[in-house]
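Structural overview
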Amino acid sequence: MAAKQTIEGVVILAQESRFQLTDDAGVSHLFVLSHGAFAEPSDLSILQKQQARVRVRSSEAPNLKARVAHRIELC
Amino acid sequence: MGLHERIHHYPQSDLDGVIPNESELTGGVTIEPGRSYGFFTDTTVCIGCKACEVACKEWNNLPADSIGLTGQSFDNTGMLSANTWRHVAFVEREGDRGVRAAEQAPFQSGWLMMSDVCKHCHNAPCLEACPTGAIFKTEFDTVVVQQDICNGCGYCVPACPFGVVALNEVDGKVHKCTLCYDRLKGGLEPACAKACPTESIQFGELSDLHEKARERIGVLHERGVEQAYLYGTPDGPGATGDLGHLNAFFLLTERPEVYNLPAAPTRASNRVRPSLTTGVATIGALALLAIGLFSSDRGEGR
């Protein structure tokens, strides 16, 4: 099981189930929403429009330059 | 393509917002709902730069996948997938059994390059196979998967005769090229067509693209490239098996199989009636056989 990591930042981009989050250091992280997450792609566009600050619990995705988002919480 | 006169209205580098109907300036086409749009990919001018792949990944926020080297020429993308909606195929024609020739012919003539993409079929088999209605025809006559409705059943995956539609195991939904549905709604041409430096990928209204393609075929034939033909135009190769026509069609100079395209793609739904008839006939025959055997057994028992 891949190690999980929590990243906090602002949702700056959302496309389908993919979203980009910029952390406080200005680094952008790409996530793909897990099928088990309590969120839908339509929720991501709302978070992006609100430039919402969120906390994302994620793990590494196999053979993919993105992380799998398992849980998204508003800060 | 000549420059549109409206281009002079925007001389500055920094813009306040999106240019209204920007596609008029970049693609020479006005995007209006109710019309049919698509791609014309002229493989004879593709230089394999992969700008289309990058533009697609950037706009659609798609992560890099298949990390590593394939060992297949300059192709490290491999194939279309849930995270790769444009794939530039590199076909090396010179050399022998995978060994590259020591000398290359000039003008990249030892290469065939083609930017592959979802064909946005007129009679889309993926759409017909979708039990939830997640796959639909847009107002621009393109085929798009609605992510909030897709339940990840994957029926559309084998239904696609081109192997385009793919299931993402991370989010459990299928993904494919949307022909930049969001950009079309905003009056922008698709990212790949805008990024293509040689206009190998041309975006436009389908009837205009068909005309342009026929003209291009004429020019190539005049220049001696007599093997050039269109794949996916009405009644042409690629538009077989009741697919109608392909909204993303190609100009090729070799057999379709060389580009990893099927020679005669068909709709999966065409096979439902014969499969069902065969199945019912088999059940009927087995039932009759069982009745016959049962009757003869009883007859012998008396």
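Above: the structure in question.
Below you will find a few notes about this structure. (Residues numbered from 1 in each chain as written. Chains lettered and ligands numbered in written order. Predicted model: local features only at pLDDT ≥ 70, side-chain atom pairs only at ≥ 80, totals over all residues.)

All names here are of chain A. Pairing in this closed barrel of five strands is mixed, and the strands run 1-2-3-5-4 around the ring. Averaged over all pairs of adjacent strands, the angle between strand axes in this sheet comes to 55°, irrespective of strand direction. Here strand 4 (residues 53-60) runs beside strand 5 (residues 67-74); their pairing, made up of seven bridges, is antiparallel. For Arg57, the partnering residue across the bridge sits in strand 5 and is Arg71. Along the sheet, helix 1 (residues 41-49) makes contact with strand 1 (5-15), strand 2 (18-22), strand 3 (28-33) and strand 4, crossing strand 1 at roughly 90°. (Pairing = 2+ DSSP bridges. Helix = DSSP H or I, 4+ residues; strand = E, 2+ residues; numbered from the N terminus. Axes fitted to C-alpha atoms, helices over the stretch in contact; angles between N-to-C directions. Contact = placed C-beta atoms within 7 Å.)

Here the focus is the interface of chain B and chain A. Counting residues at the interface gives 16 residues for chain B and 20 residues for chain A. Broken down by class, the residue content of the side of chain B that touches chain A amounts to five nonpolar, seven polar and four charged. (Nonpolar A, V, L, I, M, F, W, Y, C, P; charged D, E, K, R; others polar.)

Our next topic: the sheet that holds strand 10 (residues 248-252) of chain B. Residue and element names in this part refer to chain B. One open sheet accounts for four strands, arranged 8-1-10-9; its pairing is mixed. In the strand order of this sheet, the two ends are held by strand 8 (201-205) and strand 9 (229-231), each with one partner. Neighbour to neighbour, the strand axes of the sheet diverge by 25° on average, direction disregarded. Pairing geometry for strand 1 (residues 37-42) and strand 8, over five bridges, is antiparallel. Directly across from Phe40, in strand 8, lies its bridge partner Gln202. Along the sheet face, helix 7 (residues 206-222) touches strand 1, strand 8, strand 9 and strand 10 and points at about 135° away from the line of strand 8.

Residues and elements named next belong to chain B. Taking 1.5 Å as the rise per residue, helix 7 with 17 residues should run 24 Å; its terminal C-alpha atoms sit 24 Å apart, in good agreement. Looking at the buried side of helix 7, the elements it contacts are strand 1, strand 8, strand 9 and strand 10. Two residues or fewer after helix 7 comes Gly224, characterised by a positive phi angle close to 100°. (Expected span 1.5 Å × (residues − 1).)

Geometric descriptors of this kind do not, in isolation, establish any biological role.
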